[in-house]
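# Structure assessment
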2 protein chains.
Amino acid sequence: MSLTNSAYTELETRAKRIAALDDALGILGWDQEVMMPDAAAEGRATQMATMSKIIHEMQTDEAWDELLKTAQGEDLDDWQAANVREIAYDYAHATALPSKLVEPMTLARADCGHTWRKARHDNNWEAVKPKLEKLVGFVREAAKAKSDALGLPLYDALLDQYDPGRKSAQIDALFAELKAELPQLLEKVLTKQASEPVAVLPEGPFPVERQQALSLRIMEMLKFDFESGRLDISSHPFSGGATGDRRITTRYDEDDFTSSLMGTVHETGHAQYEAGRPKQWAYQPVGNSRGMTLHESQSLLFEMQAGRSSEFITHIAPMLREELGGSGPHWEVDNLTRVYQKVDRSLIRVDADEITYPLHVMLRYRLERQLMDGEIEVADLPTAWMEAMDDLIGIRPPSDVDGVMQDIHWYEGIFGYFPTYTLGAMTAAQIFASLRKDVPDVLDQIGQGEWSNLLAWLRTNVHGQGCLHSPDGLIEAATGAPLSTAPFLVHLKQRYLGEGC
Amino acid sequence: MSLTNSAYTELETRAKRIAALDDALGILGWDQEVMMPDAAAEGRATQMATMSKIIHEMQTDEAWDELLKTAQGEDLDDWQAANVREIAYDYAHATALPSKLVEPMTLARADCGHTWRKARHDNNWEAVKPKLEKLVGFVREAAKAKSDALGLPLYDALLDQYDPGRKSAQIDALFAELKAELPQLLEKVLTKQASEPVAVLPEGPFPVERQQALSLRIMEMLKFDFESGRLDISSHPFSGGATGDRRITTRYDEDDFTSSLMGTVHETGHAQYEAGRPKQWAYQPVGNSRGMTLHESQSLLFEMQAGRSSEFITHIAPMLREELGGSGPHWEVDNLTRVYQKVDRSLIRVDADEITYPLHVMLRYRLERQLMDGEIEVADLPTAWMEAMDDLIGIRPPSDVDGVMQDIHWYEGIFGYFPTYTLGAMTAAQIFASLRKDVPDVLDQIGQGEWSNLLAWLRTNVHGQGCLHSPDGLIEAATGAPLSTAPFLVHLKQRYLGEGC
């Protein structure tokens, strides 16, 4: 079909322009965390704010209205039609936010995020409280505007930014199922692990260069393409970069190699998703990764489903001894598996195991919904946090540093994002179960350091699908069933209780 | 004076936006040379082309016309008026180029530059000739358009892009003076050096880490601010980055530490110029560095005036021995000074000493003017090059690799740039002579590793002046005299013949 000079072609041209600027922002953001000298922060903020503003102007250009209407009447194939849908989605979100909110909200985010860093360091909730109150005011206003414009409930309008089409009613149902199972499961696993040999962290120090060599070796195994990517160091590990340029970071603790190692596996999962996006749809919204639930599913499939499996740990144990110079009983597979599968009532989300983690997420989901709905106020958060921790995980943080101030998200105005961590964990389990049906010996393959069949399956069924479907549509297409808690719960019971093995 | 809502304020707002994007391009360009994985080149080209196009659209926005006219009637101080002049200059250059030329010329540049790399490697002039012919066609067309729009002679319209206000008539006169002196001076110096002990390059290998430690130590001495900058490795050394974020690169030859060392001094001179631009005029054209002649004057002041002085070499000699583990007669000051002050009939511009270098530049100036004026064609270049080399330097290149194909400039469509190298060398000598009048013991200070007075003088008289004056206006304000060949020739005769010491 010839679409030259069609409205659709014009949509593609405009979308590519925005995507190229987004890619440039990706590199600038990476540089900011990894390379930038400290005193350049203000200049970088100027560059990135200017580019974001230009992108926002492009996204809210009224010309989209007419182009979208015309293109929808043109003769499009499935991918093109999905591309129009995604462009319309981006336009709807961009225009839903009143222009007058954009700049003060950006400033309030920066101010609150900056204050949080210091307040957290000083364990001083009162210092950040007024900034968060101001920011939450803006977020509520933005949520109201988006809710009105998109015809979505308030909180769903926030969710929709990170996981298009996601509804809080669905999350309520799924999380209720998890809530009915996880606390008892946690009890059982804690009891079981208490009866087993203690997991002992091998003793360091482990020089950074050796850990780095190990990370690079494992990334090679995971088919990371170093011709199109890099591994570097940053204080907060992330996966970033641009089209055809995947960059992940880690941080090395000389006393504990385990976190950077599994962090690298996690970020490689993110990077492989980006690397596997459909190349013929590069720079088009339909060629993007499919929101945060799917993104987290790929990092967690790598880390939790494959990476913490006893097959993987069995395979890498000799590598660890070799690269890190370890020897003795703590370096044997049994102990290393116990280390990587240790379960705890953790205070801190980012350190939590995969059973406790969803309880952390439920806490944040509960509080941020109440906050958005006006059922609680910012001033109520510290106490509400303590009570919810007690209710969900059965411990109380000794201070706000380990409580309400532990995560950056709210202090940067990010509400509606937390659920995607646990939806991602569920999705990872469901996708991995499907993958195992198609590639029955995939865990044996992983046990031999062979990741190509795993990756090929994901390329076909997930990565290469871009945004052809909705997030839930993609999950259903890849697994033959709607997103559910069952595969995740089965996985947890298998791994931690040995059920059904 | 209150200028809120004035046309001038609007000019500043628009100029800042462009400057912030230029800064972002600076970081992307740095990353491309220093960090980017190979396979990301296409994506990076897309990002940078998109941003360049957006900048071009901003620069050619018709709104500037009216704003510039109105602002010129507003009550402005000297800096504001100069800022308006610089904005008008940028607008005039941007609009002078027909829009239809921009894209094909960008493609022809990329194609020819790319072909040159391979053709140079293969010593295959015929492979790159047709690409250069096509590109020169575009450059001639662009020069014609700029000449018409700006009311300048053809070649002067090209010069003006790199060195605003520079005229070929002035260069003709200055270069004629150099041509009258340099060939004989070269003869004399060669004779003198032939009668002296041979300069011996200390024998390596010199591991990269040691050379790097040495470079960092010397950059510290030269007051490079590592809170606002970095040193890295790239295959072609450069100074780049963004506002408040100065990044220089070098390359290390394990058999020869001398080039990376003096290269670092050179690039630090460029970086210090950028770092010293007036902070209150950041993101405004009047706050920029003052064109390529002035820029090169700062790198050459650091490298040639200060860095190759016997005072500097005397000071760093023990440092070299310490950092590189050298000992013996080749590491003594006398030999190291001979190494750094060695003169040769060099075939290659970038390896040339400061006496031969201007002769290289004159060759390129002569040929590129003839080419632009249609007196010669691309096909004539190889022979014309050989003849000019013979005439100016007295040697003939054995092949085109060491002849017409040695520099990338023409193959990337850069014509009118070469003269700034030698104008920069002259300017460096003239500025340094003035500096020595105000700080009479500056060379003794350098001999003690003390660069702060030198830097403070440059900050006040050059770096901090931004674009308040024209390039020649800045030179005259800083030195009390118009740009001339005299201080440069005095410098050469002092250093290489010991005259007037």
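Per chain, residues are indexed from 1 in the order of the written sequence. Each chain is given a letter, starting from A, and each ligand a number, starting from 1, according to the order in which they appear as written. Thresholds applied to this predicted model are a pLDDT of at least 70 for local features of residues and 80 or more for the giving and counting of side-chain atom pairs; totals over whole chains, interfaces and linings are not thresholded and use all residues.

Okay, the overall build of chain A next. Think of it this way: any DSSP run of H or I at least four residues long counts as a helix, any run of E at least two long counts as a strand, and we number them from the N terminus. Of regular secondary structure, chain A possesses 20 helices and 3 strands. If you line up chain A on its principal axes, its C-alpha atoms span 70 × 55 × 50 Å. Buried means a residue has 20 or more other C-beta atoms within 10 Å of its own C-beta, exposed means 12 or fewer, and partly exposed covers the counts in between; C-beta atoms are placed from the backbone. Each of the 501 residues in chain A was classed as buried or not, and the buried ones make up 43%. Restricting the contact set of chain A to residue pairs at least 6 apart, pairs at least 24 apart contribute 72%. C-beta atoms are first placed from the backbone for all residues, and any pair lying within 7 Å is then listed as a contact.

Formed by 94 residues in total, the largest nonpolar core has its most connected members in A425, A428 and L454 of chain A. Where a domain begins and ends is set by an automatic assignment or by a domain database. Per-domain counts for this core show at least three residues from each of domain 1 (7–162) and domain 2 (163–196 + 278–501) of chain A. The residues contacting L454 of chain A, other than those within four sequence positions of it, are A306, L435, V439, V442, Q445 and I446 of chain A. Working definition: the nonpolar core is a set of buried Ala, Val, Leu, Ile, Met, Phe, Trp, Tyr and Cys residues, joined through C-beta atoms within 7 Å. Core analysis: the second largest hydrophobic core is formed by 93 residues, L132, A271, M405 and L435 of chain B among them.

What follows is about the packing of helix α8 (residues 168–194) of chain B against helix α20 (residues 486–497) of chain B. Residues and elements named next belong to chain B. Running from N to C, α8 and α20 cross one another at 10 degrees; their axes reach a closest spacing of 10 Å. It follows from the interaxial angle that α8 and α20 lie roughly parallel. The two elements α8 and α20 meet at a crossing, and its hand is left-handed. Contact residues: E181, L185, K188, V189 and K192 in α8; L489, L492, Y496 and L497 in α20. Amino acids outside the nonpolar list (Ala, Val, Leu, Ile, Met, Phe, Trp, Tyr, Cys, Pro) and the charged list (Asp, Glu, Lys, Arg) are all regarded as polar, and Gly is one of them. The residue makeup of the contact of α8 with α20, split by class, is 6 nonpolar, no polar and 3 charged. Fitted lines through C-alpha atoms serve as axes, helices being fitted only where they are in contact, and the angles separating the N-to-C directions of these axes extend from 0 to 180 degrees. Roughly parallel covers angles under 35 degrees, roughly antiparallel covers those over 145, roughly perpendicular covers 65 to 115, and oblique covers all other angles. Less than a right angle of anticlockwise turn of the near helix away from the far helix marks a crossing as left-handed, whereas a clockwise turn marks it as right-handed.

Right, let's talk about helix α10 (residues 257–275) of chain A for a bit. For a helix, the expected span equals 1.5 Å multiplied by the residue count minus one. Under the 1.5 Å per step criterion, the end-to-end length of α10 of chain A is 27 Å for 19 residues, consistent within 8% with the ideal 27 Å. Of all 19 residues in α10 of chain A, 16 are buried; the element is thus mostly enclosed.

A few words on the domain arrangement of chain A. Residues and elements named next belong to chain A. Taken as a whole, chain A is organised into domain 1 (7–162) and domain 2 (163–196 + 278–501). A straight line from the C-alpha centre of domain 1 to that of domain 2 covers 26 Å. Domain 1 puts 41 residues into the contact, and the matching count from domain 2 is 37 residues. Breaking the side of domain 1 that touches domain 2 down by element, the ones donating at least two residues are α1 (7–34), α4 (78–96), α5 (99–121), α6 (125–150) and α7 (154–162). When residues of the side of domain 1 that touches domain 2 are assigned to their parent elements, the largest contribution, 11 residues, is made by α6. Its residues assigned to classes, the side of domain 1 that touches domain 2 comprises 25 nonpolar, 4 polar and 12 charged.

On to the interface of chain A and chain B. Tallying the contact residues gives 29 residues for chain A and 29 residues for chain B. Elements that contribute at least two residues to the side of chain A that touches chain B include exactly α1, α2 (41–59) and β1 (229–233) of chain A. The element that contributes the greatest number of residues to the side of chain A that touches chain B is α1 of chain A, accounting for 8 residues. Along the lines of polarity and charge, the residues of the side of chain A that touches chain B split into 13 nonpolar, 8 polar and 8 charged.

The least-squares superposition of copies is restricted to C-alpha atoms, and to residues with a pLDDT of at least 70 in both copies. Once chain A has been moved 0.0 Å along the axis and rotated by 180 degrees, it coincides with chain B to within an RMSD of 0.0 Å. What we have between these two chains is a two-fold relation. Within chain A, the C-alpha atom positioned nearest to the axis of rotation is that of L28 of chain A, 3.7 Å from it. Both copies share a contact surface, since 100% of the interface residues of chain A are interface residues in chain B too.

A word on helix α18 (residues 452–461) of chain A. All names here are of chain A. For α18, the complete set of buried residues consists of L454, W457 and L458. Looking down the long axis of α18, one finds its buried residues gathered within 95 degrees of arc, a one-sided arrangement. Buried residues in α18 make contact with α11 (291–307), α16 (419–438) and α17 (442–446). Arc definition: it is the arc formed by the directions from the helix axis to the C-beta atoms.

With that settled, the discussion passes to the sheet that holds strand β3 (residues 245–250) of chain A. All names here are of chain A. In this scheme, strands are said to pair when DSSP sees at least two bridges between them. Spatially, the 3 strands line up as an open sheet ordered β1-β3-β2, and their pairing is mixed. Edge positions in the sheet fall to β1 and β2 (239–242), since each of these pairs with one other strand and no more. Geometrically, the sheet is characterised by an average inter-axis angle of 25 degrees between neighbouring strands, direction not taken into account. Bridge count between β1 and β3: 5 bridges; the pairing is parallel. Across the sheet, R230 pairs through a bridge with R247, a residue of β3. Packed on one face of the sheet, α1 meets β1, β2 and β3 and runs near 135 degrees to β2. Contacting β1, β2 and β3, α10 crosses the sheet at an angle of about 165 degrees to β3.

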